[in-house]
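# Fold and geometry: a report
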Amino acid sequence: MPRSVSGVEMRKRQAAHIEAPPQAPGQPRPNTCCLCWCGCCKCLWNEDRIERSARQTCTKMDSIEAGDEQHPSLDEVLSWARSFEMMLRSLEGREVFREFLRSEYSEDNLLFWLACEELREETDPTVVEEKSRIIYEDYVSILSPKEVSLDSRVREGINQTLTEPSNLMYEEAQFQIYTLMHRDSFPRFLNSSVYRDLLADMRRTCLDT
């Protein structure tokens, strides 16, 4: 008949099990989950539970972020081919067009146009002065690696307004770059793999749904 174990002896065994020295690196630790009813020890079961919980939280956050991500509709993508202006007014359209311009090393044209749009909306004189200076240094100065292509007349007009900058001081230069992108870059964009692949993907998505 098996010998019964007293309460004192049981507590001694549990104490010895809890206070055992840490295992050497690479050695598996004993499964102590039978003593982890309080959830405070560092047994494998408790660590696995915490890790599973963390993974589930990450998965939920990824799902939320994916749900928040916006994608253009097929009609919107088709509308870009009909109107350069409509494409520029679309956040997704600008991003796709910018990707194409980057492949042609002319991304700075779009960045200059966007900076001028932002300046046009500004009314604070101090901010206007600061932003106009940044635009000049980034896109107009002949010393800038991001200099955009402006004719000498437009460039001279900008130089004359530097002492008294305004939110419309780049208006003519902005229109010149707009025209350049519209007549030169935009037709190539519509025939590029960047736009055609996006259009094909959108059509496949519509057929699948």
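The coordinates are above.
The structure contained in this document is the topic of the report that follows.

Grouped together as the largest cluster of nonpolar side chains are 38 residues, with contacts concentrated most on Phe-97, Phe-112, Tyr-170 and Phe-189. Mapped onto this core, the elements with two or more residues apiece are helix H3 (74-82), helix H4 (84-89), helix H5 (91-103), helix H6 (107-120), helix H7 (125-140), helix H8 (152-161), helix H9 (171-190) and helix H10 (193-208). In this view, Phe-97 contacts Phe-84, Met-87, Leu-88, Leu-110, Met-181, Ser-185, Phe-186 and Phe-189; residues no more than four positions away in its chain are not counted.

Next up on the list: the packing of H8 against H9. Any two packed helices are characterised by the angle at which their axes cross and by the distance between the axes. It is the contact of H8 with H9, at a shortest axis distance of 9 Å, that shows an interaxial angle of 150 degrees. By the angle between their directions, the pair H8 and H9 is classed as roughly antiparallel. The way H8 lies across H9 gives a crossing that is left-handed. Across from Arg-153, Val-154 and Ile-158 in H8, the residues of H9 making contact are Glu-172, Ala-173 and Gln-176. Across the contact of H8 with H9, the residue classes break down as three nonpolar, one polar and two charged.

Okay, the pattern of salt bridges next. Taken as a whole, this structure holds 15 salt bridges when the rule is applied. A salt bridge links Glu-122 to Lys-131; the shortest N-O distance between them is 3.6 Å. Judged by relative accessible area, which is 22%, Lys-131 ranks as partly exposed. In this structure, Glu-172 engages Arg-153 in a salt bridge whose closest nitrogen and oxygen atoms are separated by 2.6 Å. Residue Glu-172 is located in helix H9, and its partner Arg-153 is located in helix H8; the two are separated by 19 residues in the primary sequence.

Definitions and cut-offs
Residues numbered from 1 in each chain as written. Predicted model: local features only at pLDDT ≥ 70, side-chain atom pairs only at ≥ 80, totals over all residues. Heavy atoms only, no water. Core = buried A, V, L, I, M, F, W, Y, C linked by side-chain atoms within 4.5 Å. Buried < 20%, exposed > 50% of the residue type's maximum accessible area, 1.4 Å probe, protein only. Helix = DSSP H or I, 4+ residues; strand = E, 2+ residues; numbered from the N terminus. Contact = heavy atoms within 4.5 Å. Axes fitted to C-alpha atoms, helices over the stretch in contact; angles between N-to-C directions. Parallel < 35°, antiparallel > 145°, perpendicular 65-115°, else oblique. Left-handed = near helix turned anticlockwise from the far one by under 90°. Nonpolar A, V, L, I, M, F, W, Y, C, P; charged D, E, K, R; others polar. Salt bridge = Lys/Arg side-chain N within 4 Å of Asp/Glu carboxyl O.

Remember that the coordinates give geometry; whether it matters functionally is a separate question.
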